[in-house]
Amino acid sequence: MGLRRRRAEREVPREATPPAYTGPMPVLTIDALGRKCPIPIIMLAERIGEVPVGQIIAVQADDVAARTDVPAWCRMKSQDFVREETLPRGWAFHIRRTY
Amino acid sequence: MAYFDAASTESLHPAAREALVAALDGGWADPQRLYGGARRARLLLDQARAKVAVAFGVRPDETFFTSSGTQAVHLAMLGALSARRRTGRHLVVGAVEHSSVLHTAALHEREGGRVTTVGVDRTGRVDPEEFAAALRPDTALACLQSANHEVGTLQPVAEVAEACRAARVPLFVDAAQSAGRVEVPAGWSLLAASAHKWGGPPGVGVLVIRKNTRWRSPLPEDEREGRRVPGFENVPGAVAAAAALEAYAAEMERDGPRLSALVDRIRERVPRLVEDVEVIGDPVRRLPHLVTFSCLYVEGEALLTELDRLGFAVSSGSSCTADTLRPSHVLEAMGVITHGNVRVSLPRGTSATDVDRFLAVLPGAVARLRRTAGMTTH
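Quantities reported herein were computed from a predicted structural model and do not represent experimental measurements.

**Some thoughts on the overall build of chain B**
Argument step 1. Looking only at helices and strands, chain B features 11 helices and 12 strands.
Argument step 2. The C-alpha radius of gyration of chain B comes to 21 Å, within 12% of the 21 Å expected for a compact globule of 378 residues.
Argument step 3. Along the longest, intermediate and shortest principal axes, the C-alpha atoms of chain B span 70 × 50 × 35 Å.
Argument step 4. Burial status across chain B gives 57% buried among its 378 residues.
Argument step 5. When contacts within chain B are restricted to residue pairs at least 6 apart in sequence, those whose partners lie at least 24 apart make up 72%.
Argument step 6. Surface exposure of chain B reaches about 15500 Å², of which carbon and sulfur atoms provide 52%.

This is the structure in structure tokens:
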């Protein structure tokens, strides 16, 4: 019991609904749903140049590998990984173009 | 064909072949019986056990032969968990352990046990302090590999063993990837290894249970192998495994540093030769023979097939090469690219010429696949 209580205290209080996202919205969204990695990453690399520097591009993908690969790609390519948004099917990954 | 997949298996060492053939003829009798042939088989088995015990720095009566490294892992974990059930049912494992460890942990959880998974940093190494913090009064067992099988990073076994000793929790070390190549730091309670990784025959594993470690067989009672491992002893296999370990470990004292220099060469040159590549794993605290890198925009399986066509046998942790659709849990836990992954693990005697040939063909192979995949920009 003692252990369980200590665990519970560490947990961040959860709100009934997550706060609505108020950050900048993507100016371009790529649909890579149904495509296996590395295709979503290739599509991202090919099209990030279409958004202005400082703006956001989003990639929608449902290959679970993208959850690791998109942030890792951003780290390798010095792009800015903004957030992962859960979709009814898959996720949308938001990336800010830095250069 | 240049074979660069020693982390999967080594070819049979000549010393093992010789010992195996001799023991098939001279050690086939039942080592538990009392007649001459049986005593000969028993003597061969005891000698093999003594050799393996010396290699791991333990006593022969702490050393048991199993039918595989995986069986040794299963018996070590389930036996320790079973014996310490009254202490608790909490299990601690590293996030990048071999699947045999993680599957055993999953089984433990399905049967009502609790599991804490300790994460790793970008190099694939667990933080000893985080590992120590995961130990609880009800922790029955902690598990940590000696080195990672996909990226070669050495784990902080000595520090974790010290923390486990202080918390009075037995530590199980999966030494499958390092045994015969790198000595395992002392302080652990249970250990598993696999003979085919050091040039022994397939179908032979090693389980070490230190004295004063509580262990109860999770399987039906059987009188073989000191009641630790069920089934008729594989005497020829054990003899060959021991002969291979002795020969291999001696060779590695010389060949290990040479292989390590070849790995450094690959680590240094691949990022210069190929654009958009990341060499992963710890560059210094690593296995001597293993290096892994990930090439952006390339499918792992396609790259392996292309390298095979060019005469190189390598492996990959990329999801596309596995039967499962999930990416490698190791690469995922490290937060590195999971596609385009290549693991190069050099067997004994790998020539520098073969490594240079590999470095010569790799850039072209990656470039071809990127073009095929439709990459036009970088």
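**Describing the sheet that holds strand S10 (residues 290–295) of chain B**
Residues and elements named next belong to chain B.
Argument step 1. Read from one edge to the other, the open sheet built from three strands follows the order S9-S10-S12, with strand pairing classed as antiparallel. Every other strand in the sheet has two partners, leaving strand S9 (277–280) and strand S12 (341–345) as the edge strands with one partner each. Averaged over all neighbouring strand pairs, the angle between strand axes comes to 20°, with direction disregarded.
Argument step 2. Where helix H9 (residues 300–309) meets the sheet, its contacts fall on S10 and S12, and the angle it forms with S12 comes to roughly 45°.

**Let's talk about helix H2 (residues 39–47) of chain A**
Argument step 1. Of all the residues in H2(A), the buried ones are Pro40(A), Ile41(A), Ile42(A), Leu44(A) and Ala45(A).
Argument step 2. Its buried side turned inward, H2(A) meets strand S1 (28–32), strand S2 (56–61), helix H3 (66–76) and strand S4 (91–96) of chain A.

**Structural notes on helix H8 (residues 235–273) of chain B**
Residues and elements named next belong to chain B.
Argument step 1. When the terminal C-alpha atoms of H8 are compared, their 49 Å separation across 39 residues is substantially less than the 57 Å that a helix rising 1.5 Å per residue should span.
Argument step 2. The sharpest bend along H8 measures roughly 50° and falls at Glu253, with the proline Pro257 sitting one to four residues further on.
Argument step 3. Its side-chain oxygen placed 2.8 Å from the backbone nitrogen of Gly237, Asn234 serves as the N-cap of H8.

**Digging into the interface of chain A and chain B**
Argument step 1. The interface of chain A with chain B comprises 19 residues on the first partner and 28 residues on the second.
Argument step 2. Broken down residue by residue, the surface that chain A buries against chain B is led by Glu46(A), Arg75(A) and Met76(A), which jointly contribute 25%.
Argument step 3. In this assembly, chain A and chain B are joined by two salt bridges.
Argument step 4. Between Asp276(B) and Lys77(A) there is a salt bridge; the shortest N-O distance is 2.6 Å.
Argument step 5. Connecting chain A to chain B are six residue pairs in polar contact (both at pLDDT 80 or more).
Argument step 6. Sorting the residues of the side of chain A that touches chain B by element identifies helix H1 (2–10), H2 and H3 of chain A as the ones contributing at least two each.
Argument step 7. Among the elements that make up the side of chain A that touches chain B, the one with the highest residue count is H3(A) (six residues).

**Overview of the packing of aromatic side chains**
Argument step 1. Applying the stated criterion across every chain yields a total of five aromatic pairs over all chains.
Argument step 2. When the centroid spacing of 6.5 Å and the interplanar angle of 35° are considered together, the rings of Trp91(A) and Phe93(A) count as tilted. Accessibility classification places Trp91(A) together with Phe93(A) in one group, the buried group.
Argument step 3. With centroids separated by 5.4 Å and ring planes inclined at 70°, the aromatic side chains of Phe312(B) and Phe358(B) adopt a geometry described as edge-to-face. In this pair, Phe312(B) is assigned in strand S11 (residues 312–313) and Phe358(B) in helix H11 (residues 352–372), connecting sequence segments 46 residues apart.
Argument step 4. Note on Phe312(B): relative accessible area 1%, which makes it buried.
Argument step 5. Every member of this aromatic cluster is reached through a ring pair, and the members are Phe4(B), Phe312(B) and Phe358(B).

**Focus: the domain arrangement of chain B**
Residues and elements named next belong to chain B.
Argument step 1. On domain assignment, one finds that chain B holds domain 1 (14–247) and domain 2 (253–372).
Argument step 2. The C-alpha-based centres of domain 1 and domain 2 are spaced at 28 Å.
Argument step 3. On the side of domain 2, 24 residues touch domain 1, which itself brings 25 residues to the contact.
Argument step 4. Of all residues in domain 1, Glu150, Val151 and Arg181 give up the largest surface area on contact with domain 2, accounting jointly for 35% of the area buried on that side.
Argument step 5. Inspection of the domain 1/domain 2 interface yields zero salt bridges.
Argument step 6. Applying the counting rule to domain 1 against domain 2 returns 10 residue pairs in polar contact (both at pLDDT 80 or more).

**Observations regarding the layout of surface pockets**
Residue and element names in this part refer to chain B.
Argument step 1. Looking at the second largest pocket, its volume works out to about 520 Å³.
Argument step 2. If you go around the second largest pocket, you meet 24 residues; those closest to its centre are Ala55, Phe56, Val182, Glu183 and Ala249.
Argument step 3. Within the residue set of the lining of the second largest pocket, elements represented by two or more residues are helix H2 (36–56) and H8.
Argument step 4. Considering each element in turn, the lining of the second largest pocket owes the most residues, seven residues, to H8.
Argument step 5. For the lining of the second largest pocket, the class distribution of residues is 15 nonpolar, three polar and six charged.

**Things to note about the state of the cysteines**
All names here are of chain B.
Argument step 1. Across all of its chains, the model carries zero disulfides over all chains by this definition.
Argument step 2. Not engaged in a disulfide, the cysteine Cys143 finds its nearest cysteine sulfur in Cys164; these two sulfurs lie 9.3 Å apart.
Argument step 3. Note on Cys143: relative accessible area 0%, which makes it buried.

About the cut-offs
Residues numbered from 1 in each chain as written. Chains lettered and ligands numbered in written order. Predicted model: local features only at pLDDT ≥ 70, side-chain atom pairs only at ≥ 80, totals over all residues. Heavy atoms only, no water. Helix = DSSP H or I, 4+ residues; strand = E, 2+ residues; numbered from the N terminus. Rg over C-alpha atoms; globule rule 2.2 N^0.38 Å. Buried < 20%, exposed > 50% of the residue type's maximum accessible area, 1.4 Å probe, protein only. Contact = heavy atoms within 4.5 Å. Areas by Shrake-Rupley, 256 points an atom, 1.4 Å probe, with all protein chains shown as cover. Pairing = 2+ DSSP bridges. Axes fitted to C-alpha atoms, helices over the stretch in contact; angles between N-to-C directions. Expected span 1.5 Å × (residues − 1). Bend = angle between axes of the 7 residues up to and from the residue. Polar contact = N/O pair within 3.5 Å; in protein donor to acceptor, adjacent residues only side chain to side chain. Buried area = accessible area lost by both parts, 1.4 Å probe. Salt bridge = Lys/Arg side-chain N within 4 Å of Asp/Glu carboxyl O. Phe/Tyr/Trp six-rings, centres within 6.5 Å; stacked < 30°, edge-to-face > 60°. Domains from an automatic or database assignment. 1 Å grid on protein atoms, 1.4 Å probe; cavity = no way out; pocket = protein on both sides within 12 Å on 5 of 7 lines; lining within 4 Å. Points joined across faces, edges and corners; volume = space filled by probe spheres on them. Nonpolar A, V, L, I, M, F, W, Y, C, P; charged D, E, K, R; others polar. Disulfide = S-S within 2.5 Å.

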